[in-house]
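Survey of secondary and tertiary structure
Now for the letters of each chain:
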Amino acid sequence: MNKAQRDTIFSQAKQWIYEAGAKIREQIHTPLTIDTKSNPNDLVTAMDRSTEAFFAKNIKHTYTDHLILSEEGYGDQLDSMDGIVWIIDPIDGTMNFVHQKRNFAISIGIFNDGVGEIGFIYDVMEDVLYSAKKGEGAFKNNERLPQLNRGVPFHQAMISMNHFWLCENRLVEEKRMQQLVKDVRGTRTYGSAALEFAYVAEGIIDNYLTLSLSPWDYAAGMVIVNEVGGVTTTIDGDNIDMLSKTSVAAGNPVIQEKIITDYIKQARK
Ligand code: IPD
Ligand code: CA
Ligand code: CA
Ligand code: CA
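Quick caveat: nothing in here was measured; it's all calculated off a predicted structure.

Here we take up the domain arrangement of the chain. Taken domain by domain, the chain holds domain 1 (3–144) and domain 2 (154–267). Residue-level contacts link 32 residues of domain 1 with 25 residues of domain 2. Elements with a contribution of two residues or more to the side of domain 1 that touches domain 2: strand E3 (67–70), strand E4 (84–92), helix H3 (94–99), strand E5 (105–112), strand E6 (115–123), strand E7 (128–133) and strand E8 (138–140). The greatest single-element share of the side of domain 1 that touches domain 2, amounting to six residues, is contributed by E6. Taken together, the residues that form the side of domain 1 that touches domain 2 break down as 16 nonpolar, 10 polar and six charged.

Moving on, we get to the sheet that holds E4. A sheet is described by the order of its strands in space; here seven strands give the open sequence E3-E4-E5-E6-E7-E8-E9, paired in mixed fashion. Edge positions in the open sheet fall to E3 and strand E9 (143–144), since each of these has one partner strand only. The pairing of E5 with E6 spans eight bridges and is classified as antiparallel. Each bridged residue has a counterpart across the sheet, and for Ile-110 the counterpart in E6 is Ile-118. With respect to the sheet, helix H1 (residues 3–26) is in contact with E5, E6 and E7, its orientation differing from that of E6 by roughly 25 degrees. Seen against the sheet, helix H5 (residues 193–202) touches E4, E5, E6, E7 and E8 and runs at an angle of roughly 105 degrees to E6.

Of all seven residues in strand E12 (residues 207–213), five are buried, a share of seventy percent or more. Sheet topology places strand E10 (residues 158–160) next to E12; two bridges connect them, and they run parallel. Bridge pairing links Ile-159 to Asn-207 in E12. As defined by bridge partners, E12 adjoins strand E14 (residues 246–251) across five bridges and the pair is classed as antiparallel. Bridge pairing links Leu-213 to Thr-246 in E14.

Another point: the nonpolar core. Formed by 76 residues in total, the largest nonpolar core has its most connected members in Ile-108, Phe-120, Ile-121, Phe-197, Ala-198, Ala-201 and Ile-224. Structurally, this core is a two-domain feature, drawing no fewer than three residues from each of domain 1 (3–144) and domain 2 (154–267). In this structure Ala-201 touches Tyr-130, Ala-138, Leu-145, Ile-224, Val-225, Val-228 and Gly-230, once residues within four positions along its chain are discounted.

Parameters and conventions
- Residues numbered from 1 in each chain as written.
- Chains lettered and ligands numbered in written order.
- Predicted model: local features only at pLDDT ≥ 70, side-chain atom pairs only at ≥ 80, totals over all residues.
- Domains from an automatic or database assignment.
- Contact = placed C-beta atoms within 7 Å.
- Helix = DSSP H or I, 4+ residues; strand = E, 2+ residues; numbered from the N terminus.
- Nonpolar A, V, L, I, M, F, W, Y, C, P; charged D, E, K, R; others polar.
- Pairing = 2+ DSSP bridges.
- Axes fitted to C-alpha atoms, helices over the stretch in contact; angles between N-to-C directions.
- Buried ≥ 20, exposed ≤ 12 C-beta atoms within 10 Å, placed from the backbone.
- Core = buried A, V, L, I, M, F, W, Y, C linked by C-beta atoms within 7 Å.

Have a look at this one:
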């Protein structure tokens, strides 16, 4: 993808995101239609669906050869990352959307032949847009984000992770992860993977660790975090396969290296 093409797609996607965000804000106090998916706590609302449908319709109309990988069923069935692929989570943090009416985001990553070209994470209720274009840096609204500070001492690190790490699970020994929580300065759980990536890019969280995410949860975040010198890998430090559910570690490379070597690898079952 050349720069002109990237710029055009970026501007168009940004306009659609603002439009979709405005619609969500307008209807935020309207009673929700809520369904459940894999379990009673796996929520989806009519707003998740209509927002994704809005993007799918616009993309298919404007860019007939682009493909869509998305959460709620309006995308394509992909078996490769060839071509231009929009990876869309219409509402990331649906549980927050339903229960808190804030702390959720629209997340869109645009990839070309598997390479992340554009990332957007839009905090809808705060009206804050995190964005990045490959090789051109990352932004919070119009403000350029600085490179991550590689000198953060481990005992002062802020880590974002949820309680599943500390409950019995099939991937890691909880005891070792409890030690991690004690060794860093603090831990936070926000309930939106996309926002957690955005906070990593902003440098207010040093690392984000999660046992299982889907491509639409991390695609945009990977592009944005990469632009500030951060890394995104599996919890074993391997490359992410963009078409699968995977564990994810993202953030400051120095902190991440220590977490993977001294904690996760030691805790692996
Ligand atoms: C979820 C959120 C949550 C993460 C889950 C995701 P959704 O996305 O990002 O923080 O822990 O794994 O599924 O379903 O609200 O789009
Ligand atoms: Ca969901
Ligand atoms: Ca999500
Ligand atoms: Ca979602």
